[in-house]
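# Chain and residue survey
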Amino acid sequence: MQRRFHAPVVLPADPACSLLRDAVVDVDEAGRITHVGPASEAPETSAPVTRLSGILLPGLVNAHAHSPMTLLRGMGGDLPLLPWLTEIIWPTEAKLKPADIRTGMLLGSVEMLRHGVTTSAEMYFEGEQLADAVLTTGGRVVLAPPIMELPGMDWRAMLKSIERWIDTDGLRFGPGDRIEVGYGPHSAYMLNEEALGATAESAAERGALVQIHVAEAALEDVKLREAHGSVPALLEKVGMLRGRTLAAHAIHLSDEDIALFAARGVGMAHCPGSNAKLASGIARVTDLRKAGVAVGLGTDGPASNDDIDLWEELQLSAMFARLATGDSTVLTAADAFLLGTRGGADALGRTDIGALETGRWADMVHVDLDDPAFAAGIDVPDVQLLSNLVWAAGSRRVRDVWVAGDQVVGDGESLRVDRAQVQAEVADTAARLRS
């Protein structure tokens, strides 16, 4: 059914970060946007009209997450990255059953949708369980089933499993193309060159996205840097930067690395909250953006952040960029908003999400104004209203969410899943994992 959404303010997330007053968004039967603009210029329609009270904006894009780790939230929370992984997380993950991962992803997806995050890029095991969970909540996911070398793990078998899935179901499937399948080589330090090269070749053949952790912690890849100069240089050597590639974290980069990313069209997922909590460092976001690298925002996992509220990453990205440069104007509220929407889509190589534009999926978020953050009213200057949204309100007033035109959150709660029941299931699973 065709529909029209009418709001006092529409933020389409166009490159100029325009703010449209008294505007409409038209959506067709398939769930795609057919028109965005001021109500006075809208085409005539007989479609039902949904009248909203506040701000309508595109669904946020979480460009890097491990959301099933809602099951592990808070475990080893004060450890550095590598001890946290090797001593706490990986031994606990070894106890997980496929159904556990689905439960963790259900809660993670509900949590994100309630915060206005409609798409997440997920690197985690049991991809079919993640897909089923997201189809249940009504969200959207870009999956990267992991490829790793650890005792009991065969990278070749992992690679073949991804190839079979894509060759059987295609890159994207589900209502509104809600599921995209790609490749998740964990990192260059977790795989040999043969595995990295085979993954790159397989992904390029299928036009699939590769999600990989790059240069996250200074001590994780010392040997690789000594042997190859840098992690990006190694990835270039094995061909991994010549297809669709998303580099997660990408903190410890040289000027040459950044230039390489720009030349190869590599996307970058900036995870300021996780990077700060684990003391991994501050990514060179200003330099990456100046070079033309597509930068999106990621929460990382809910066990290393410890939430998956992308609005916090909007704020942190701007704060850290200003601290790193000593310039309070270097990354504005508008810049941060675009990083969390259009920027995330660009980093993932997706032109069908991340903005309210004709032809894109109608992934939309309604933020109401019943909050002290908006006490000055809606008739303030555009820059002030956007500033209040980004700096003061955040996810607090997300009331309604649509994915491909289907409403999945109403009045702040999931319309598809009983959140209390899922939280109880997570509690039971977490108790078992601790035993």
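This is a predicted model, so every value here is computed, not measured.

What counts and what doesn't
Residues numbered from 1 in each chain as written. Predicted model: local features only at pLDDT ≥ 70, side-chain atom pairs only at ≥ 80, totals over all residues. Heavy atoms only, no water. Core = buried A, V, L, I, M, F, W, Y, C linked by side-chain atoms within 4.5 Å. Buried < 20%, exposed > 50% of the residue type's maximum accessible area, 1.4 Å probe, protein only. 1 Å grid on protein atoms, 1.4 Å probe; cavity = no way out; pocket = protein on both sides within 12 Å on 5 of 7 lines; lining within 4 Å. Points joined across faces, edges and corners; volume = space filled by probe spheres on them. Helix = DSSP H or I, 4+ residues; strand = E, 2+ residues; numbered from the N terminus. Nonpolar A, V, L, I, M, F, W, Y, C, P; charged D, E, K, R; others polar. Contact = heavy atoms within 4.5 Å.

A general tendency of soluble globular proteins is for nonpolar side chains to be buried together. The biggest cluster of nonpolar side chains holds 114 residues, and the ones touching the most others in it are Leu57, Tyr183, Leu196, Leu235, Phe261 and Phe337. If you look at the next biggest cluster of nonpolar residues, it comprises 14 residues, including Ala7, Leu56, Leu356 and Met364.

One pass over the full model with this rule turns up three cavities of 30 Å³ or more. In this structure, the largest cavity occupies an estimated 270 Å³ of space. Lining the largest cavity are 22 residues, and of these His66, Met69, Leu85, His186 and His213 lie nearest its centre. Considering every element that reaches the lining of the largest cavity, the biggest residue donor is helix 1 (residues 81-93), with six residues. Grouping the constituent residues of the lining of the largest cavity by class yields 13 nonpolar, six polar and three charged. Estimated volume of the second largest cavity: approximately 60 Å³. Lining the second largest cavity we find Met105, Ser109, Met112, Leu113, Val117, Thr118, Thr119, Ser120, Val134, Gly139 and Arg140. Elements that contribute at least two residues to the lining of the second largest cavity include exactly helix 2 (98-114) and strand 7 (117-122). Residue composition of the lining of the second largest cavity, by class: five nonpolar, five polar and one charged.

What follows is about the environment of Val210. Residue placement: Val210 occurs in strand 13 (residues 209-214). For the pair Val210 and Arg289, spaced 79 residues apart in the sequence, the C-alpha separation amounts to 21 Å. Apart from residues lying up to four places away in sequence, Val210 is in contact with Tyr183, Pro185, Ala203, Met240, Arg244, Thr245 and Leu246.

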